[in-house]
Amino acid sequence: MPGGKGELGPQEIKVLGVVDRRQGRYRLNEQALVDHTVQGLMAGMREIAGDDTELPVIITADAKSPHQSVITAMDAAGRLGFAKLSLTTQDPDSSTSAN
């Protein structure tokens, strides 16, 4: 157990993952959203994170993702008060991401 004092190990770290698929289709922690508006994205983020705005938000997109949908994800996170934001890229033909 890392540190032995209730610290989270690497496999236990909780994050809110936002993946932008082509044409602005979002997934939160591998779950597809029904409402792909900023309001729908914010509602999904609230459902997962609750009031924990310290939760890291990782936005992943590929070269075919519309720029506006990445900005919309960043806007949703900012409106909810998330301060730990990371952007990652993904090969459009792969399910793996890279920083």
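Reading guide: rules and limits
- Along each chain, the written sequence defines residue order, and numbers are assigned to residues from 1.
- The predicted nature of this model means local features are confined to residues of pLDDT at least 70 and side-chain atom pairs, given and counted, to a pLDDT of 80 or more, with totals for whole chains, interfaces and linings taken over all residues.
- Computation of side-chain values: all heavy atoms of the structure, hydrogens and water removed.
- Secondary structure elements follow DSSP: runs of H or I of four or more residues count as helices, runs of E of two or more count as strands, with numbering from the N terminus.
- Relative accessibility under 20% of the residue-type maximum defines a buried residue, over 50% an exposed one, and the middle range a partly exposed one, all with a 1.4 Å probe and only protein chains included.
- Should any heavy atoms of two residues lie within 4.5 Å, those residues are counted as being in contact.
- Every accessible area reported is derived by Shrake-Rupley at a probe size of 1.4 Å, with residue values counting cover from the shown protein chains alone.

Caption draft 1: View of the overall build of the chain. Assigned secondary structure in the chain consists of 2 helices and 6 strands. Secondary structure elements of the chain occur, N-terminal to C-terminal, as β-β-β-α-β-α-β-β. For the chain, the proportion of its 99 residues judged to be buried stands at 34%. Here the analysis covers contacts within the chain between residues at least 6 apart in sequence; of these, 64% occur between residues at least 24 apart. Element-wise, carbon and sulfur atoms account for 51% of the exposed surface of the chain, whose accessible area totals about 6,300 Å².

Caption draft 2: Up close: the side chain of T72. On the secondary structure map, T72 appears in helix α2 (residues 67-80). On the basis of relative accessible area, T72 is assigned to the buried category, the value being 17%. Once residues within four sequence positions are removed from consideration, T72 is found in contact with Y26, V38 and L41.

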